[in-house]
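Next come the chains, spelled out residue by residue.
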Amino acid sequence: MRTMRTIAELRAALTEPRRAGRRIGLVPTMGSFHDGHLSLMRQARQECDEVVVSLFVNPAQFNEPEDLSRYPRNEAGDAAQAADAGVDFLFAPPVSEIYPPGFATTVSVSGITERLEGAHRGREHFDGVTTVVTKLLNVVGPDVAYFGQKDAQQALVIQRLVRDLDIPVMIEVCPTVREADGMAMSSRNRLLSPEERTRAVAISRALDRARAAVTAGERDAAKVAEQARAEMTSDGVEPEYVELVSSDTLTPVDLIDGDVLAVVAADVGATRLIDNQIITTNGRP
């Protein structure tokens with residue numbers, strides 16, 4: 001695996017593979033790898049001839065400087081894991097390479113960024129995501145880019161971005177990887193104390209309870225959401241939101257008919273966590 005720090009260096013390295021018609025896969029990350037990240041890399045390795053992983057903690061998508069400074073970082077450990085996963089190129093640029101002096105452009109997606117995470121973190125959060133992803137797609141020029149279902153709203157936003165701007169890349173959204181107790185893997189989990197980690201499982205249990213309610217025949221979305229909320233609050237976790245929304249548009253659902261997306265966000269201690277689960281009316285997982 002080769003580690004690249006500059007755009008020019010990475011583009012030069014990819015010139016010959018692209019000329020030879022080799023299939024290029026990109027896994028955009030902010031580092032602090034866990035099995036969720038590695039599952040994306042393994043998928044890319046299976047499907048592509050060249051695998052690029054970007055490692056860049058993007059300051060533009062953080063609302064609070066403290067949150068940015070707390071975000072876990074371990075480049076040496078990440079590089080070792082990426083190499084073990086068969087990654088060809090690790091792109092780990094400094095902030096000045098992505099946002100050089102005078103940088104003044106923002107890529108913004110409307111319609112699905114104002115709700116849920118957009119409402120709680122601000123529109124600027126998704127503007128930061130879409131701007132950096134656009135840059136990465138332009139730099140790498142991948143045939144496929146891999147994202148995780150855990151960040152369901154982000155994945156939808158990226159799919160809309162690519163569609164609207166006619167960017168020639170396929171976006172592949174891979175399933176959420178979970179711990180043995182059901183908690184979704186996240187780099188932020190490492191910020192939790194042992195007591196907070198125990199309480200945080202209430203988030204995934206809330207999603208399981210929502211699915212169980214639908215499987216049992218409940219079709220009123222508000223009642224399903226209330227059961228999920230109760231599962232969290234009983235363990236001392238107060239959600240920012242618990243909603244059932246369209247899996248395509250993220251608009252709220254009143255009556256459950258077909259697939260819906262149950263979405264949850266909550267602060268556990270000083271750490272904000274999100275999770276989601278697709279629920280169907282026939283009880284399939």
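Just so we're clear, the structure is a prediction, and the values are computed from it rather than from any experiment. (Residues numbered from 1 in each chain as written. Predicted model: local features only at pLDDT ≥ 70, side-chain atom pairs only at ≥ 80, totals over all residues. Heavy atoms only, no water.)

Strand β8 (residues 260-268) sits mainly inside the fold: eight of its nine residues count as buried. Strand direction decides the pairing type here: strand β7 (residues 239-245) and β8, joined by six bridges, are antiparallel. Residue pairing in the sheet places Val 242 in a bridge with Val 264 of β8. Relative to strand β9 (residues 271-279), β8 runs antiparallel, the two being bridged by nine bridges. Of the residues in β9, the one forming a bridge with Val 268 is Thr 271. A loop of two residues connects β8 with β9, the two strands running antiparallel in sequence, and Gly 269 in this loop sits at a positive phi of about 65°. (Buried < 20%, exposed > 50% of the residue type's maximum accessible area, 1.4 Å probe, protein only. Helix = DSSP H or I, 4+ residues; strand = E, 2+ residues; numbered from the N terminus. Pairing = 2+ DSSP bridges.)

The next point concerns the nonpolar core. Leu 10, Val 52, Phe 91, Val 133, Leu 137, Val 140 and Ile 158 are the most contacted members of the largest nonpolar core, which totals 42 residues. For this core, the secondary-structure elements that each account for two or more residues are α1 (7-19), β2 (24-29), β4 (89-91), α7 (123-140), β5 (144-148), α8 (152-164), β7 and β8. Counting residues per element, this core draws most heavily on α7, at eight residues. Excluding residues that lie within four positions of it along the chain, Ile 158 makes contacts with Val 129, Val 133, Phe 147 and Ile 171. In terms of nonpolar packing, the next biggest core, distinct from the first, is built from 27 residues, Ala 202, Ala 206, Ala 213 and Ile 279 among them. (Core = buried A, V, L, I, M, F, W, Y, C linked by side-chain atoms within 4.5 Å. Contact = heavy atoms within 4.5 Å.)

Here helix α10 (residues 221-233) is 13 residues long and its end C-alpha atoms lie 18 Å apart, about the 18 Å a rise of 1.5 Å per residue gives. Within the span of α10, buried status applies to Ala 221, Val 224, Ala 225, Ala 228, Glu 231 and Met 232. For α10, the arc enclosing every buried residue in end-on projection is 115°, short of the 170-degree limit, so these residues lie on one face. Two or three places before Ala 222, at the start of α10, stands the capping residue Asp 220, its side-chain oxygen 2.9 Å from that residue's backbone nitrogen. (Expected span 1.5 Å × (residues − 1). Arc of directions from axis to C-beta. Polar contact = N/O pair within 3.5 Å; in protein donor to acceptor, adjacent residues only side chain to side chain.)

Counting across every chain of the model gives three aromatic pairs. Geometrically, the ring pair formed by Phe 56 and Tyr 99 is tilted, given 6.2 Å between the ring centres and 50° between the ring planes. Pair noted here: Phe 56 is in the loop between β3 (50-55) and α3 (65-70) and Tyr 99 is in the loop between α5 (95-98) and α6 (117-121), with a separation of 43 residues, a long-range link. Given a relative accessible area of 7%, Phe 56 falls into the buried group. For the ring pair Phe 62 and Tyr 71, a centre distance of 5.7 Å and an interplane angle of 80° mean the geometry is edge-to-face. Note on accessibility: Phe 62 and Tyr 71 belong to one class, buried. Taken together, the aromatic side chains of Phe 56, Tyr 99 and Phe 103 make up a single cluster linked through ring pairs. (Phe/Tyr/Trp six-rings, centres within 6.5 Å; stacked < 30°, edge-to-face > 60°.)

Glycine aside, residues mostly have negative phi, and peptide bonds are mostly found in the trans state. The phi dihedral of Ser 32 is positive, around 55°, even though this residue is not glycine. Along the chain, Ser 32 turns up in the loop between β2 and α2 (35-47). Owing to a relative accessible area of 1%, Ser 32 belongs among the buried residues under this scheme.

What follows covers the side chain of Ser 32. A distance of 2.7 Å separates polar atoms of two side chains, one belonging to Ser 32 and the other to Arg 190. Ignoring sequence-local partners within four residues, the contact set of Ser 32 consists of His 37, Pro 72, Asp 78, Ser 187 and Arg 190.

Attention shifts here to the sheet that holds β8. Strand order in the open sheet formed by three strands is β7-β8-β9, with antiparallel pairing between adjacent strands. Since the sheet does not close on itself, it has two edges, and those belong to β7 and β9, each with one partner. Shown here is a sheet whose adjacent strand axes are inclined to one another by a mean of 10°, direction ignored. Seen against the sheet, helix α9 (residues 194-215) touches β8 and β9 and runs at an angle of roughly 20° to β9. (Axes fitted to C-alpha atoms, helices over the stretch in contact; angles between N-to-C directions.)

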